[in-house]
Amino acid sequence: RMFRRERSIPLRGSAAALCNNLSVLQLPGRNLTHFGVVHGPSAQLLSAAPEGVPLAQRQLQAKEGAGVSPPLITQVHWCVLPFRVLLVLTSHRGIQMYESDGSVMVYWHALDAGDASLVQAVFARGIAASGHFICVGMWSGRVLVFDIPAKGPNIVLSEELAGHQTPVTDIATEPAQGQDCVADMVTADDSGLLCVWQSGPEFKLLTRIPGFGVPCPSVQLWQGTIAAGYGNGQVRLYEASTGTLHVQIDAHARAICALDLAPEVGKLLSAAEDTFVHIWKLSRSPEGGYIEVEHCHGECVPDTQVCGARFCDPAGSSFAVTGYDLAEILRFSSM
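Remember, predicted model here, so these are calculated numbers, not experimental data.

(A) Spotlight on the pairing of strand 16 (residues 185-189). The element strand 16 is largely enclosed, with a buried count of five among its five residues. Burial of the side chains of strand 16 extends over both faces: M185, T187 and D189 are buried on one face and V186 and A188 on the other. Bridge count between strand 16 and strand 17 (residues 194-198): four bridges; the pairing is antiparallel. In the sheet register, V186 faces strand 17, and the bridge partner there is V196. Linking strand 16 to strand 17, which pair antiparallel, is a turn of four residues; within it G192 sits at a positive phi near 90°.

Structure representation (structure tokens):
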């Protein structure tokens, strides 16, 4: 299936040059798609109807916390929980959680720079929901697990996961399918190490997948398969439960900045600093049960340092792209 450019959505400023710098929320039953993009000390939330008529929403600022310089936002991400949707914003000062439209801040967690050396930047980055928990990665390599009530602001930091020695880059989760010992969360870091977890009232580290000298900026999880995108342009597919490498794809000529998955169809999107966005189809072979990959589509976004890309629907029939120095969100949909 070919994709064509749709009407793009104007931004007030360009997207910051950060990995995973686009979040998309499509609420079933509402004919609106919501987009979140980070630039500097603020995040922009926008909505658009399918015809592309943009409805500008709001600008969110990083909460100051203690510190001299204005804090920079590192990521914005919608977390879909069983009973509510929260918008989570991470920065060099803390973690902010809002109602999904950004209207009310329900929780603020300040980062404690006490255990950081003076040269080390303190920040949070890597956000994902697992059941009624929201997990957020830290510069220290720790992952904070917040227990989220069905409503209201009584959010509790329930545990800190120690699996990484370098800053966390990204976190991926998928709903547990109900088997024993199910691997339903993976965390990635700047050294390329992946940690695979079983979520629960207490999270359990199941396996570690060692890196190979390059960071892993983006990671996804689909039906027990980990898709990891690396700083050398490779995408690697691992078995989540064992850490076995299934497939290695030399997908891009430059560092990967974003991966996304369309869960209904097993499509994987990869975007990189080489100006390309590729779409791959994942499937399990009926005989051996191993993962097979087929390239479906490649889209060049010329003269743009791509920094975010996401599918806009669970069937993977449309996707959006952000770039540094690009004052719009580009949208593509299948013909």
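(B) Structural view of the sheet that holds strand 11 (residues 124-130). Taken together, the four strands give an open sheet; going across it, the order is 11-12-13-14, and neighbouring strands pair in antiparallel fashion. In the strand order of this sheet, the two ends are held by strand 11 and strand 14 (156-162), each with one partner. Across the sheet, the mean angle separating the axes of adjacent strands is 25° when strand polarity is ignored. Bridge count between strand 12 (residues 133-138) and strand 13 (residues 142-147): five bridges; the pairing is antiparallel. Considered in strand 13, the bridge of C135 is made with V145.

(C) Representation of the state of the cysteines. Going through the model one piece at a time under the given rule, you end up with zero disulfides. In this model C195 remains outside any disulfide bridge; the closest cysteine sulfur is found in C216, 11 Å from its own. Cysteine C307 shares no disulfide, and the gap to the nearest cysteine sulfur, in C257, comes to 6.6 Å. Overall, the relative accessible area of 2% leaves C307 in the buried class.

(D) The arrangement of the side chain of E159 in detail. When you line up the elements, E159 lands in strand 14. In terms of polar contacts, E159 uses its side chain to reach the backbone amide nitrogen of F203, at 2.8 Å. With residues up to four places along the chain from it excluded, the contact list for E159 reads V143, L144, V145, P201, E202 and F203.

Conventions used here
Residues numbered from 1 in each chain as written. Predicted model: local features only at pLDDT ≥ 70, side-chain atom pairs only at ≥ 80, totals over all residues. Heavy atoms only, no water. Buried < 20%, exposed > 50% of the residue type's maximum accessible area, 1.4 Å probe, protein only. Helix = DSSP H or I, 4+ residues; strand = E, 2+ residues; numbered from the N terminus. Pairing = 2+ DSSP bridges. Axes fitted to C-alpha atoms, helices over the stretch in contact; angles between N-to-C directions. Disulfide = S-S within 2.5 Å. Polar contact = N/O pair within 3.5 Å; in protein donor to acceptor, adjacent residues only side chain to side chain. Contact = heavy atoms within 4.5 Å.

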